[in-house]
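Descriptive analysis of the structure
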Amino acid sequence: MAYTPHRTVKQGNSTSFSYRDPDGNGVAGKIERLSWDSQMEWEWYFPGDTKRSHHDIEPLSNGNFLMIAWDFKNESEAYQAGRDPNTMDHHTKHSSQLWPDHIVEVQPVGTDQANIVWEWNIWDHLIQGYDSTKDNYGVVADHPELLDINFVDSPDHFNPYKSDWMHCNGIDYNPILDQIALSCRNVNEIYIIDHSTTTEEAAGHTGGNSG
């Protein structure tokens, strides 16, 4: 739950689950804005077969908010991105799924609508040293700005390779630098993301205040 000066914005749980739902905790799918006397001012759903919000949101001073969400990738998409089959989830019903994280900036509209005005997706910033036939193949150590799609540092020793691959569960915003901090449990890393980029620039590796 996060607070603004005049209201409360919080994640809720949507009941529209599907067989594709990720195996991570913190599943949400609904955002609500309540007045201080608990009156519903705005509610909006972000669930589905391919995307679902989870864990944390961060309200912004312009009335928008940043939201962590999963972005479904099937087995073929995962392998095309260089995922090692040995690092797929082989212990649950999600063995053919991968749910990387992305960030969306949401602009509330009316009482139950919203516009997505900005996005950043980890899927645009991957590298791997497993499959030399894929476009993102390279020396992982030479690219600290990219994430190895086969890296995991999950504390779950029984099943570290869950479909909830990164398990990002904390997001914060620095308005002075216009930067986002994203904390991801299963890779034990924190990422600083330049929010001053356009969505198109955020899908690449240049642009914004940081270049």
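Residues numbered from 1 in each chain as written. Predicted model: local features only at pLDDT ≥ 70, side-chain atom pairs only at ≥ 80, totals over all residues. Heavy atoms only, no water.

**What to know about the overall build of the chain**
We apply this condition: Strands are runs of DSSP state E lasting at least 2 residues, helices are runs of H or I lasting at least 4, and numbering of each runs from the N terminus. Only protein chains enter the calculation, and the probe is 1.4 Å; a residue is then buried if its accessible area is under 20% of its type maximum, exposed if over 50%, and partly exposed in between. Any two residues whose heavy atoms approach within 4.5 Å at even a single point are treated as in contact. Accessible areas in this description were obtained via Shrake-Rupley with a 1.4 Å probe; residue shielding takes into account the shown protein chains only.
Helix and strand counts for the chain come out as two helices and 15 strands. Considering the chain as a whole, with its 211 residues, one finds that 49% of them fall into the buried category. Long-range pairs, those at least 24 residues apart, make up 54% of the contacts in the chain with a sequence separation of at least 6. As presented, the chain carries roughly 10,500 Å² of accessible surface, and 48% of it is formed by carbon and sulfur atoms.

**Comments concerning the sheet that holds strand β5 (residues 51–59)**
Strand pairing in a sheet is mediated by backbone hydrogen bonds. Such pairs are either parallel or antiparallel. Note the following rule: Pairing between strands requires that DSSP locate at least two bridges from one strand to the other. Here an axis means a line fitted to C-alpha atoms, over the contact stretch when the element is a helix, while the angle between two N-to-C directions is reported on a 0 to 180 degree scale.
Pairing within the open sheet is antiparallel, and its four strands lie in the order β5-β6-β9-β10. For this open sheet the edge positions go to β5 and β10 (113–121), each flanked by a neighbour on one side alone. Geometrically, the sheet is characterised by an average inter-axis angle of 30° between neighbouring strands, direction not taken into account. Of the strand pairs in this sheet, strand β9 (residues 101–109) and β10 are connected by eight bridges, and their pairing is antiparallel. By the bridge assignment for β10, V106 is matched with I116.

**Some thoughts on the layout of surface pockets**
The cut-off we apply is this: Grid points spaced at 1 Å over the protein atoms alone were grouped into cavities, where a 1.4 Å probe fits but cannot get out, and pockets, open sets with protein on both sides within 12 Å along at least five of seven lines, with lining residues defined by an atom within 4 Å of a point. Grid points are joined across faces, edges and corners, and a volume is the space filled by probe spheres set on the points. Amino acid classes used here: Ala, Val, Leu, Ile, Met, Phe, Trp, Tyr, Cys and Pro are nonpolar; Asp, Glu, Lys and Arg are charged; the rest, including Gly, are polar.
The volume enclosed by the largest pocket comes to roughly 580 Å³. Along its surface, the largest pocket is lined by 26 residues, and W120, H125, E145, L146 and I192 are the ones closest to its centre. Those elements giving two or more residues to the lining of the largest pocket turn out to be β12 (147–148), β15 (189–194) and α2 (199–202). If you tally residues by element for the lining of the largest pocket, the top one is β15, at five residues. Taken together, the residues of the lining of the largest pocket sort by class into eleven nonpolar, ten polar and five charged.

**Looking at the sheet that holds β15**
If you walk across this open sheet you meet the three strands as β13-β14-β15, and the pairing is antiparallel. Each having just a single partner strand, β13 (168–174) and β15 make up the two edges of the open sheet. Ignoring strand direction, the axes of neighbouring strands in this sheet form an average angle of 20°. Two strands pair when backbone bridges link them, and β13 and strand β14 (residues 179–184) are joined in this way by six bridges, in the antiparallel orientation. Note on β14: the bridge partner recorded for G170 is S183.

**With respect to the confidence of the model for the chain**
Heads up, the rule is: The predictor rates its confidence in each residue with pLDDT, a number between 0 and 100.
In the predicted model, the chain carries a mean pLDDT of 86, and 84% of its residues have values of at least 70. Within the model, pLDDT remains below 50 along residues 1–7, and this stretch shows 19 contacts once partners closer than five positions in the same chain are excluded. Across residues 14–19, where pLDDT falls below 50, the model places 14 contacts with residues more than four positions away in sequence or in other chains.

**So, the pairing of strand β6 (residues 65–71)**
Walk down a regular strand and you will see the side chains alternate between the two sheet faces. Among the seven residues in β6, seven count as buried, and that is most of the element. Burial of β6 is two-sided: the residues F65, M67, A69 and D71 facing one way and the residues L66, I68 and W70 facing the other way are all buried. Connecting β5 to the antiparallel partner β6 that follows it, the hairpin turn spans five residues, and G63 within it adopts a positive phi of roughly 95°. Summarising the sheet, β6 and β9 pair through six bridges and their orientation is antiparallel. Note on β9: the bridge partner recorded for A69 is H102.

**Thoughts on the environment of S35**
To be explicit about the condition: Two N or O atoms form a polar contact when they lie within 3.5 Å of each other; inside protein one atom must be a possible hydrogen donor and the other a possible acceptor, and for residues adjacent in sequence the pair counts only when both atoms belong to side chains.
You can see S35 is positioned in strand β3 (residues 29–35). Within the local environment of S35, its side chain forms a polar contact with the side chain of D37, the two groups lying 2.2 Å apart.

**Notes on the environment of G82**
Here G82 lies in the loop between α1 (75–80) and β8 (97–98). The class for G82 is buried, based on a relative accessible area of 0%. With 50 residues separating them in the primary sequence, G82 and S132 have C-alpha atoms 8.4 Å apart. Filtering out sequence-adjacent residues up to four positions away, G82 remains in contact with Q128, Y130, K134, I149 and N150.

**Quick word on the state of the cysteines**
Formally: Put simply, a disulfide is two cysteine sulfurs that come within 2.5 Å.
Here the structure, examined in full by the defined rule, presents one disulfide. What pairs with C168 in a disulfide is C184, and their sulfur atoms sit 2.1 Å apart. Judged by the sign of its S-S torsion, about 85°, the cystine formed by C168 and C184 is right-handed. Of this pair, C168 sits in strand β13 while C184 sits in strand β14, placing them 16 residues apart in sequence. Just as C168 is buried, C184 falls in that class too.

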